[in-house]
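Structural characterization, general
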Amino acid sequence: MEDHRDEDFVKPKGAFKAFTGEGQKLGSTVPQVLNTDFPAQQAENEAKASSSVSIDESQPTTNIQIRLADGGRLVQKFNHSHRISDIRLFIVDARPAMAATSFVLMTTFPNTELADENQTLKEANLLNAVIVQRLT
């Protein structure tokens, strides 16, 4: 046994060992949408789409956040009486490249597809909700 009380502790260096395993990818790959719009053009399209949604201020309103398949995010104010089809039209107006692609709208949790686009936002329980766009 040795007395080392007067010495400063020096942590021993461990040997670096890189990960040698194999990675696995979970889930399905999402097709990449090419965004050919310039940021200024994209902002102009979003502003035009936002102004195309007619809001009746005397009626109750809600904010809907839309997460797009290209990674973008849109937030828009709608009346409770707007329909899911109005959200689809808003997305196509904001991102004209989406008009040529087929997509579905889904809720986040629980993951359910919004198949009946004639439902109002209130009927579909989408008040202040997050909607995800999935390409098909």
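This one's a predicted model, so the numbers in the text were calculated from it and none came from an experiment.

**Quick notes on the overall build of the protein chain**
- When helices and strands are tallied, the protein chain shows 2 helices and 4 strands.
- At 25 Å, the protein chain has a C-alpha radius of gyration far larger than the 14 Å of a compact globule built from 136 residues.
- Overall, the protein chain is about 85 × 35 × 35 Å in size when its C-alpha atoms are taken along their principal axes.
- Expressed as a percentage of the 136 residues in the protein chain, the buried residues total 29%.
- Sequence separation of 24 or more characterises 59% of the internal contacts of the protein chain that already satisfy a separation of 6 or more.
- Carbon and sulfur atoms form 52% of the exposed surface of the protein chain, whose accessible area is close to 10000 Å².
- If you average the places of the 14 positive and of the 18 negative side-chain charges in the protein chain, the two averages end up 2 Å apart.

**What to know about the UniProt feature "domain: UBX" (unreviewed entry) in the protein chain**
- Using the residue numbers shown here, the UniProt feature "domain: UBX" (unreviewed entry) corresponds to residues 57-134.
- Secondary structure across residues 57-134 divides into 14% helix and 31% strand, with the first and last C-alpha atoms of the span separated by 31 Å.

**Structural notes on helix 1 (residues 39-52)**
- Across its 14 residues, helix 1 extends 20 Å between first and last C-alpha, which sits within 8% of the 20 Å expected from 1.5 Å per residue.
- Along helix 1, the positions that sit buried rather than exposed are Gln42, Asn45 and Ala49. For helix 1, the angular spread of buried residues about the axis comes to 60 degrees, placing them on one side. Across from the buried face of helix 1, at angles greater than 90 degrees, the exposed residues are Pro39, Ala40, Lys48 and Ser51.
- Packing partners of the buried residues in helix 1 comprise helix 2 (84-94).

**Digging into unusual backbone geometry**
- Of the consecutive residues Phe109 and Pro110, the connecting peptide bond is found in the cis state with omega at 0 degrees.
- By secondary structure assignment, the location of Pro110 is in the loop between strand 3 (103-107) and strand 4 (130-135).
- Its identity as a non-glycine residue notwithstanding, Asn125 has a phi of 60 degrees, on the positive side.
- Tracing the chain through its elements places Asn125 in the loop between strand 3 and strand 4.
- Overall, the relative accessible area of 66% leaves Asn125 in the exposed class.

The rules we used
Chains are numbered independently. Their residues run from 1 in the order of the written sequence. Selection of residues for local features in this predicted model requires a pLDDT of at least 70, selection of side-chain atom pairs for listing and counting requires 80 or more, and totals for whole chains, interfaces and linings are taken over all residues. The side-chain figures draw on all heavy atoms in the structure; neither hydrogens nor water molecules are used. Here a helix means four or more residues in a row that DSSP labels H or I, a strand means two or more in a row labelled E, and each is numbered from the N terminus. When we talk radius of gyration, it's over C-alpha atoms, and the globule rule is simply 2.2 Å times the number of residues to the 0.38. Only protein chains enter the accessibility calculation, which uses a 1.4 Å probe; a residue is then buried when its area is under 20% of its type maximum, exposed when over 50%, and partly exposed in between. The contact rule is simple, with two residues in contact once any of their heavy atoms fall within 4.5 Å. Here the Shrake-Rupley method, with its probe set to 1.4 Å, supplies the accessible areas, and only the displayed protein chains count as covering residues. Charged-residue counts in this description rest on Lys and Arg as positive and Asp and Glu as negative, His and the chain ends being excluded. To locate a charge, take atom NZ for lysine, CZ for arginine, CG for aspartate or CD for glutamate. UniProt positions are given in the numbering used here, feature names are shortened, and annotations may be inferred rather than shown by experiment. In this scheme, a helix's expected span is set at 1.5 Å multiplied by one less than its residue total. Directions drawn from the helix axis to the C-beta atoms are what define this arc.

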